Amino acid sequence: MLARAGIRAGPGLGLLQRSQQLKRSAWLAPAPCRLNSGLPMNIGVLFVPQQEAWVVERMGKFHRILEPGLNFLIPLLDRIRYVQSLKEIVINVPEQSAVTLDNVTLQIDGVLYLRVMDPYKASYGVEDPEYAVTQLAQTTMRSELGKLSLDRVFRERESLNANIVDAINQASDCWGIRCLRYEIKDIHVPPRVKESMQMQVEAERRKRATVLESEGTRESAINVAEGQKQAQILASEAEKAEQINKAAGEANAMLVRARAKAEAIQLLAAALAQQHGSAAASLSVAEQYVSAFSKLAKDSNTLLLPANTGDVTNMVAQALGIYATLTKPQAVKTQAEMPPAHEDPQPPAAEVLKAEQASSS
């Protein structure tokens, strides 16, 4: 009240001088004569400082605004009524209570930055520009906070400041004052609400940690499944390629064996077609028969033996008889195709074996 009374006692002071008087009024209650003495006196020749505007009245009526530099006035007729500072002025908005949209009471204060754009309107448009702008900022702040919830107040401080500046400029345009920016300094939350907010933050952190852990587990399981899938696909493709290669190798081996067998048969047939080929074949069959008979007791304990196992000559003769029976048509055909021999043929292999057996016995 003292500050407000001090300002109204000196209507000729500008915003700069009024803000200084507000600071002094907390300690001393200035007298009206002292405030009036703060205005420059008209001595005819005046020097106006830079970034200041002096409003001159002539016989109680607005005359002109003195510009910075040298100015001349008529004493007694002209009077300097107002001194306005054209610099940017900082005003502290006092702390006040505001209720948010979700019925939470906040204690909030701010800082207001403004500038006098029209000294004439600032002098004659409103009686107390500073007080008017401060009250407008407080009421606008309460109105804007009532539109937001508590969570949005902390997230949308920039938009809140911009809305307050727009509302102040719409109302202060006719006062010749322009609000450049508004900044919220502190927002004080009740202790219980602060504890609830802290618990909410902790719960949100735990929730995020749980969600991130579950997502990590899910991603890990997906990666493992994808790896197993790719491994099975690659293993099946490798097995398929192995089987194809193995089949191709077996087919090639069968072809090679068949060709080798065919060539062996052809060579054997050619050898049998030669002279004394039958005797050589008979000797080979007898040797294979004796070799196979000697291996009967090596692979199994159960044996089926002929009655005359001691008569080797008889067994060889039987084997040669079987071979002779199978090769008789071929031998007849071969003898028919072959020219008559001039030399006596050699005795059969069976007779040779009998002769050797008889001599050894």
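Residues numbered from 1 in each chain as written. Predicted model: local features only at pLDDT ≥ 70, side-chain atom pairs only at ≥ 80, totals over all residues. Heavy atoms only, no water.

### Some points on the overall build of the chain
Looking only at helices and strands, the chain features twelve helices and eight strands. Evaluated residue by residue, the chain yields a buried proportion of 26% over its 361 residues. Counting only carbon and sulfur atoms, one obtains 57% of the accessible surface of the chain, whose full area is about 24600 Å². (Helix = DSSP H or I, 4+ residues; strand = E, 2+ residues; numbered from the N terminus. Buried < 20%, exposed > 50% of the residue type's maximum accessible area, 1.4 Å probe, protein only. Areas by Shrake-Rupley, 256 points an atom, 1.4 Å probe, with all protein chains shown as cover.)

### Description of the nonpolar core
If you look at the biggest cluster of nonpolar residues, it comprises 30 residues, and the most contacted ones within it are L112, I168 and Y182. Mapped by element, the contributors of at least two residues to this core are β6 (89–99), β7 (105–116), α5 (129–145), α6 (150–155), α7 (157–172) and β8 (177–188). In terms of residue count, α5 provides more of this core than any other element does, six residues in total. Contacts of Y182, omitting those with residues within four sequence positions, involve V93, D109, G110, V111, L112, A137, M141, N161, I164 and V165. Judged by nonpolar contacts, the second largest core, of nine residues, contains L46, L66, L73 and I80. (Core = buried A, V, L, I, M, F, W, Y, C linked by side-chain atoms within 4.5 Å. Contact = heavy atoms within 4.5 Å.)

### Some thoughts on the confidence of the model for the chain
Residues at a pLDDT of 70 or more form 71% of the chain, whose mean pLDDT is 76. Note on residues 341–346: pLDDT under 50 across the span, and two contacts to partners over four residues away in sequence or across chains. (pLDDT = per-residue confidence, 0-100.)

### Here we look at the packing of aromatic side chains
Enumeration according to the criterion identifies four aromatic pairs in this entry. An angle of 45 degrees between the planes, with centres 5.1 Å apart, marks the rings of Y120 and Y124 as tilted. Pair noted here: Y120 and Y124 are both in helix α4 (residues 119–124), with a separation of four residues, about one helical turn. Its relative accessible area of 34% is what places Y124 among the partly exposed residues. Linked through ring pairs, F62, Y82, Y120 and Y124 together constitute an aromatic cluster. (Phe/Tyr/Trp six-rings, centres within 6.5 Å; stacked < 30°, edge-to-face > 60°.)

### Structural notes on the pattern of salt bridges
Taken as a whole and judged by the stated rule, the model has seven salt bridges. For the salt bridge of R208 with E204, the shortest nitrogen-to-oxygen distance reads 3.7 Å. One end of the pair is R208 and the other is E204, both in helix α8 (residues 191–273) and four residues apart, which spans about a single turn. The partly exposed category is assigned to R208, whose relative accessible area is 44%. Each of E88, R115 and R181 takes part in one network of salt bridges that share partners. (Salt bridge = Lys/Arg side-chain N within 4 Å of Asp/Glu carboxyl O.)

### Quick word on the packing of α5 against α7
Two elements in contact, α5 and α7, have axes separated by 9 Å at closest approach and are oriented at 135 degrees. It follows from the interaxial angle that α5 and α7 lie oblique. Considering only the axes of α5 and α7, their crossing is right-handed. Residues V133, L136, A137, T140, M141, E144 and L145 of α5 form the contact with α7, whose participating residues are L160, N163, I164, A167, I168 and A171. (Axes fitted to C-alpha atoms, helices over the stretch in contact; angles between N-to-C directions. Parallel < 35°, antiparallel > 145°, perpendicular 65-115°, else oblique. Left-handed = near helix turned anticlockwise from the far one by under 90°.)

### Side note on the pairing of strand β3 (residues 61–66)
In the sheet, strand β2 (residues 52–58) pairs with β3 via five bridges, with the strands oriented antiparallel. Paired with R58 across the bridge in β3 is K61. Here β2 folds back onto β3 in antiparallel fashion, the turn holding two residues, of which M59 has a positive phi close to 55 degrees. (Pairing = 2+ DSSP bridges.)

### Topic: α7
Taking 1.5 Å of rise per residue, 16 residues should cover 22 Å, and α7 covers 22 Å from first to last C-alpha, within 8% of that figure. Listed as buried for α7 are L160, N161, I164, V165, I168, N169 and S172. Along the axis of α7, the buried positions cluster into a sector of 165 degrees, meaning they face one direction only. (Expected span 1.5 Å × (residues − 1). Arc of directions from axis to C-beta.)

### A closer look at the sheet that holds strand β5 (residues 78–85)
The antiparallel open sheet is built from three strands, whose spatial order is β3-β2-β5. A single partner strand is all that each edge strand has here, and the edge strands are β3 and β5. Strand-to-strand, the axes of this sheet are offset by a mean angle of 25 degrees, without reference to chain direction. Examined bridge by bridge, β2 and β5 share seven bridges and lie antiparallel to one another. Bridging from a neighbouring strand, E57 pairs with R79 of β5.

### Looking at the environment of A98
On the secondary structure map, A98 appears in strand β6. Given the relative accessible area of 4%, A98 is considered buried. Leaving out residues up to four positions away in the same chain, A98 has contacts with V104, T105, L106, I108, R142 and L145.

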